[in-house]
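# Examining the three-dimensional arrangement
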Amino acid sequence: MAIHRVAVLALDGVTPLDLAIPTQIFNARPETPYEMTVCALDAKVTTSAGFALIASGELEQVRVADTVIVPGFEPIRQLPSAVLDALAEARERGRRVVSICTGAFALAAAGVLDGLHATTHWKHIEELERDFPAITVDRDVLYVDEGDVLTSAGVCCGIDLCLHIVRRDLGAVVANQIARGLVAAPHRDGGQAQYVPAPVAVTGEASLSTTREWALQRLEEPLTLPALARHAGLSQRTFIRRFAEETGTTPLRWLLNARISRARELLETTNHPVDRVARDCGLGTAANLRLHFRRALDTTPTAYRRTFWCSDHTHEPAPSP
């Protein structure tokens, strides 16, 4: 695989967890082409946690990188023109530019987000809208993918975004392997609204994770809302409410996304024909699978398999398109 250079730009006041996420996910691995460097304007970088770190790279690495990632930083302040110029140049050269959490403010100040959709931590949504009216701010999402410009919501949403990038680059199998190593969910549903403090906390109610795991083991079956609610021992109305509180989405939307994820893995790791993949993931027919692939991924199952076929997982060749 050709080397893909990733520059993680640490700004003064960088949030340590925001910085750790891309450095962990894009660290060099045998199965990935990433070559990651932590860069900074000056070698010594202060953090929001009261300690400093030494960056091994400079802005020059940002200028030659294939992907530039800006982790969150605080307090949000006026940035040096050299930093803003480097980010603007990366965008102008068609490089992929990414922010985690409040890193969106650096991209916004550089003009990278003008005319695009973007997001940031829920605490700073209104500030981003107010200060940068040329941006359409999406409030309740984990991340926004605008092609070569991607932004994540608060802190741990950076995990979701970085795994999404790996999945886009290398497929679901590699992204899932990295997620398992992090003991993280390969894909979370819903938006960051589920993490905003509620006026009244929900107490005395058990998690629905057992029911979700039960469903994941039976995706090929005709799972229905009554069946899911019955497994959880709840009325349908209570089940829907509780499910949305925990995941930020509806049970049926979550189930559809889980089935699409299963289909992606089957297309990558087996030579099963598309109609069997559709049955095995619970989408029923090849036509239904193609419909949902087009809506969710803007591609077809055959084209997806052609791109991400992983011969290491089977002794048989990939089926002909």
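### Details of the packing of helix α11 (residues 251-269) against helix α14 (residues 301-308)
One can describe the packing of α11 onto α14 by two numbers: an axis separation of 8 Å at closest approach and a directional angle of 55°. One finds that α11 runs oblique with respect to α14. The element α11 and its partner α14 pack so that their crossing is right-handed. Contact with α11, carried on its side by Arg264, Leu266, Leu267 and Glu268, involves Pro301, Tyr304, Arg305 and Phe308 of α14 and no other residues of that element.

### What about the environment of Arg91?
Inspection of the secondary structure puts Arg91 in helix α3 (residues 81-92). Residues Arg91 and Val149, 58 residues apart in the sequence, show an inter-C-alpha distance of 8.2 Å. Leave out the neighbours within four places in its chain, and Arg91 touches Val97, Val112, Leu116, Asp148 and Val149.

### Considerations on the confidence of the model for the protein
Confidence in the prediction of the protein, expressed as mean pLDDT, is 87, and 89% of residues score 70 or more. Confidence drops under a pLDDT of 50 for residues 313-317, and excluding neighbours within four residues, the segment shows nine contacts in the predicted structure.

### Notes on unusual backbone geometry
One non-glycine residue, Cys101, adopts positive backbone phi at about 55°. Structurally, Cys101 is set in the loop between β6 (96-99) and α4 (104-109). In this structure, Asp298 is a non-glycine residue whose phi angle is positive, near 55°. With respect to the helices and strands, Asp298 occurs in the loop between α13 (286-297) and α14. Using a relative accessible area of 59% as the deciding quantity, one classes Asp298 as exposed.

Calculation criteria
- Residues numbered from 1 in each chain as written.
- Predicted model: local features only at pLDDT ≥ 70, side-chain atom pairs only at ≥ 80, totals over all residues.
- Heavy atoms only, no water.
- Axes fitted to C-alpha atoms, helices over the stretch in contact; angles between N-to-C directions.
- Helix = DSSP H or I, 4+ residues; strand = E, 2+ residues; numbered from the N terminus.
- Parallel < 35°, antiparallel > 145°, perpendicular 65-115°, else oblique.
- Left-handed = near helix turned anticlockwise from the far one by under 90°.
- Contact = heavy atoms within 4.5 Å.
- pLDDT = per-residue confidence, 0-100.
- Buried < 20%, exposed > 50% of the residue type's maximum accessible area, 1.4 Å probe, protein only.

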